Amino acid sequence: MTAHHGDVVVDAAPAAASGWRHRLARLPTRPWTVWVAFAAVHLWIAWCGVFSMPERVFWDLSLYRYWVADGLVTGHWPVLDGAWVYPAGALVPLVVVGWLARELPTFGLTVDESFAVVWTLMVTAANAVAVGRLLRRPAGRVAAWWWIGFLAALGPVAVGRLDALVAPLTILALLAVAGRPRLAAVLLTAGAWIKVAPGALLVPVVVALRRSWHAAVVPAAVVSAAVLGVVALAGGREHVWSFLSAQGDRGMQVEAVGASPWLVWGLFSGSVQRSFDGQILTYEITGPGVQTAGHVLDGLFFFAMLSTAALLLWRAWGPRRLPTAELLARGSLLVLLTMVVTNKVLSPQYITWLAAPVAVALAWRLPRWRVTAWTLLGVAAATQAVFPWAYSAMLAARPGATSLLVARNVALVVLWVVTAWAVVRPAVTEDGAAEPDRVGASAPA
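Residues numbered from 1 in each chain as written. Predicted model: local features only at pLDDT ≥ 70, side-chain atom pairs only at ≥ 80, totals over all residues. Heavy atoms only, no water.

Summed over all chains, the structure comprises 7 salt bridges. Its salt-bridge partner being Arg-65, residue Asp-112 comes within 2.5 Å of it at the nearest N-O pair. In this pair, Asp-112 sits in helix α6 (residues 111-135) while Arg-65 sits in helix α4 (residues 59-74), placing the two residues 47 residues apart along the sequence. Residue classification places Arg-65 among the partly exposed positions, given a relative accessible area of 24%. The residue Glu-326 makes a salt bridge to Arg-368 at a minimum N-O spacing of 3.8 Å. (Salt bridge = Lys/Arg side-chain N within 4 Å of Asp/Glu carboxyl O. Helix = DSSP H or I, 4+ residues; strand = E, 2+ residues; numbered from the N terminus. Buried < 20%, exposed > 50% of the residue type's maximum accessible area, 1.4 Å probe, protein only.)

Moving on, we get to the packing of aromatic side chains. Across all of its chains, the model carries 18 aromatic pairs by this definition. Centroid distance Tyr-64 to Tyr-86: 6.2 Å. Interplanar angle 75°. Geometry classified as edge-to-face. Taken as a pair, Tyr-64 in helix α4 and Tyr-86 in the loop between α4 and α5 (91-103) lie far apart in primary sequence, 22 residues in all. An identical accessibility class is assigned to Tyr-64 and Tyr-86; each is buried. (Phe/Tyr/Trp six-rings, centres within 6.5 Å; stacked < 30°, edge-to-face > 60°.)

For helix α7 (residues 140-154), which comprises 15 residues, the first-to-last C-alpha distance of 21 Å matches the rise-based estimate of 21 Å (1.5 Å per residue) to within 8%. The element α7 is extensively covered by neighbouring structure, given that 12 of its 15 residues are classed as buried. Listed as buried for α7 are Gly-140, Val-142, Ala-143, Ala-144, Trp-145, Trp-146, Trp-147, Ile-148, Phe-150, Leu-151, Ala-153 and Leu-154. Phi turns positive, to about 85°, at Gly-155, one or two residues after α7. (Expected span 1.5 Å × (residues − 1).)

How two helices pack is summed up by the angle between their axes together with the distance between the axes. Two numbers describe how helix α11 (residues 202-209) lies on helix α12 (residues 214-233): the axes approach to 8 Å, and their chain directions differ by 145°. Note on element contacts: α12 touches α11 through Ala-215, Ala-216, Val-217 and Ala-220, opposite Leu-202, Val-205, Val-206 and Leu-209. Here the contact of α11 with α12 is built from residues that sort into 8 nonpolar, no polar and no charged. (Axes fitted to C-alpha atoms, helices over the stretch in contact; angles between N-to-C directions. Contact = heavy atoms within 4.5 Å. Nonpolar A, V, L, I, M, F, W, Y, C, P; charged D, E, K, R; others polar.)

What follows deals with the environment of Arg-408. Tracing the chain through its elements places Arg-408 in helix α20 (residues 399-424). Residues Arg-408 and Val-379, spaced 29 residues apart in sequence, show a C-alpha to C-alpha distance of 5.7 Å. Leave out the neighbours within four places in its chain, and Arg-408 touches Glu-255, Leu-346, Ile-351, Val-379, Ala-382 and Thr-383. Side chain to side chain, Arg-408 and Thr-383 meet in a polar contact 2.9 Å long. (Polar contact = N/O pair within 3.5 Å; in protein donor to acceptor, adjacent residues only side chain to side chain.)

Moving on to a nonpolar patch on the surface. A surface patch of nonpolar side chains, amounting to about 290 Å² of accessible area, comprises Trp-59, Phe-276 and Leu-281. Take Phe-276: its relative accessible area is 46%, and that puts it in the partly exposed class. (Patch = residues over 30% accessible without salt bridge, like charges linked within 9 Å, V, L, I, M, F, W, Y side chains within 5 Å. Areas by Shrake-Rupley, 256 points an atom, 1.4 Å probe, with all protein chains shown as cover.)

With that settled, consider the side chain of Glu-255. Structurally, Glu-255 is set in the loop between α13 (242-248) and α14 (260-265). There is a polar contact of 3.1 Å between the side chain of Glu-255 and the side chain of Gln-253. Within the local environment of Glu-255, its side chain forms a polar contact with the side chain of Tyr-391, the two groups lying 3.0 Å apart.

So, about the pairing of strand β3 (residues 273-277). As judged from the 5 bridges shared by β3 and strand β4 (residues 282-286), these two strands associate in the antiparallel manner. Bridge assignment links Phe-276 to a residue of β4, and that residue is Tyr-283. Where β3 folds back on β4, the antiparallel hairpin that results is connected by 4 residues, among which Leu-281 adopts a positive phi of roughly 60°. (Pairing = 2+ DSSP bridges.)

What follows is about the environment of Leu-312. In this fold, Leu-312 is placed in helix α15 (residues 290-317). Leu-312 sits 108 residues away from Ala-420 along the chain, and the two C-alpha atoms are 9.9 Å apart. Dropping the residues within four chain positions of it, Leu-312 is found in contact with Val-203, Pro-204, Val-207, Leu-327, Gly-331, Val-335 and Val-423.

Further remarks concern the nonpolar core. Grouped together as the largest cluster of nonpolar side chains are 142 residues, with contacts concentrated most on Trp-119, Trp-146, Trp-147, Phe-150 and Leu-412. Tallying contributions element by element places helix α16 (residues 324-341) first for this core, with 12 residues. The contacts of Leu-412, once residues within four sequence positions are left out, are Val-257, Leu-337, Val-340, Val-341, Leu-346, Ile-351, Leu-354 and Val-379. (Core = buried A, V, L, I, M, F, W, Y, C linked by side-chain atoms within 4.5 Å.)

This paragraph deals with unusual backbone geometry. Along the chain, Phe-387 connects to Pro-388 via a cis peptide bond; the corresponding omega equals 15°. Structurally, Pro-388 can be placed in helix α18 (residues 370-389). Phi at Arg-368 is positive, roughly 65°, even though this residue is not glycine. If you trace the backbone, Arg-368 turns up in the loop between α17 (355-363) and α18. Given the relative accessible area of 15%, Arg-368 is considered buried. In this structure, Ala-397 takes a positive phi of about 65° despite not being glycine. Structurally, the position occupied by Ala-397 is in the loop between α19 (391-395) and α20.

With respect to the helices, strands and loops of the structure, Thr-419 is situated in helix α20. Residues Thr-419 and Leu-333, spaced 86 residues apart in sequence, show a C-alpha to C-alpha distance of 7.4 Å. Thr-419 has contacts with Arg-330, Leu-333, Leu-334 and Leu-337, leaving out every residue within four places of it along the chain.

Here it is as structure tokens:
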């Protein structure tokens with residue numbers, strides 16, 4: 001069975017499995033085992049975030065609740081009445097959760113706990129929809145298990161942030177590109193108005209659609225126009241783009257890849273400090289040359305993003321075209337890695353951005369994703385080990401925690417380079433044959 005849209009093809013024909021996929025095929029086969037693991041992971045995260053150590057892992061949720069409560073009581077809303085660090089669309093899930101937490105029975109919970117419980121339920125529901133859609137793919141069982149493993153590896157931060165909503169949204173969007181590109185564009189644009197990252201994936205989507213590029217561009221423009229119109233009518237026209245300047249004015253975040261040399265330097269010198277920025281509510285690194293490096297990264301970020309877009313265009317239209325499925329999945333991962341590696345801001349929840357292309361590539365059963373999938377699981381586990389478990393030790397410049405964070409950053413750079421090389425090199429499968437130009441090859445029946 002094959003479905004077409006422009007140059008994007010979905011082929012459900014059986015395909016031979018490689019050795020590592022044979023081993024993955026030994027995973028529990030019954031659907032209920034996937035859902036039991038899914039429930040166990042989310043229950044553990046909920047317990048850690050709501051009851052065990054909320055001040056460490058669900059801190060942002062208390063801030064979200066404050067913004068909503070302030071808006072409901074005083075009528076003063078972020079974006080509408082002042083600058084905000086997030087895009088305007090982020091207000092929607094915050095207000096929904098705030099209203100539900102206020103209206104539903106609290107069962108003796110505090111206001112912060114009630115908000116956190118409702119938030120966790122909303123994210124869990126979104127993740128469940130993503131897992132359900134993955135399982136509908138012929139190789140979706142492997143992808144679903146990997147996605148659940150990733151959430152467990154990254155830990156509570158995979159749920160207790162706004163990024164937790166855009167991750168499953170991105171999975172759904174990438175899965176929809178082949179058959180419903182307009183829906184994919186709507187989902188990515190909606191995600192971009194919550195957190196910026198999903199909007200960047202419109203670049204590989206438009207490139208992968210080739211001659212049908214308008215199927216993504218037009219819906220994205222309509223959604224953005226609608227958001228801008230609503231914000232303008234509500235009085236927030238002057239602040240609708242404030243999230244861009246808020247990010248640009250930030251210093252070098254302590255977890256950023258670019259901060260790694262100063263993290264190591266700080267182990268031997270008192271001239272490098274890890275200090276708290278009370279305005280942005282994050283930890284930044286200061287020392288000789290840090291400010292200059294931040295300005296360099298600002299320029300490098302835009303140059304790297306433009307270069308990535310040019311590379312994808314070349315691989316889509318050049319003499320040796322990259323197959324559509326690989327172009328979409330690997331191109332999406334490359335765009336997101338470029339945003340992470342060249343950014344002077346790298347919070348632990350940003351790692352969730354990287355999971356969607358990997359889960360979708362596994363569901364499509366694309367070749368050469370084994371190392372990428374395992375590496376990203378390691379990156380997620382190292383991220384959780386630092387935040388929240390060893391964060392205080394890292395801020396105190398302890399060698400073990402600092403070395404783990406630097407190793408995580410080095411792994412991100414290596415994954416970035418490997419992904420870029422996978423986009424550049426000729427498209428061949430693991431057995432040496434040319435890759436088919438299709439989206440969503442299947443696993444064996």
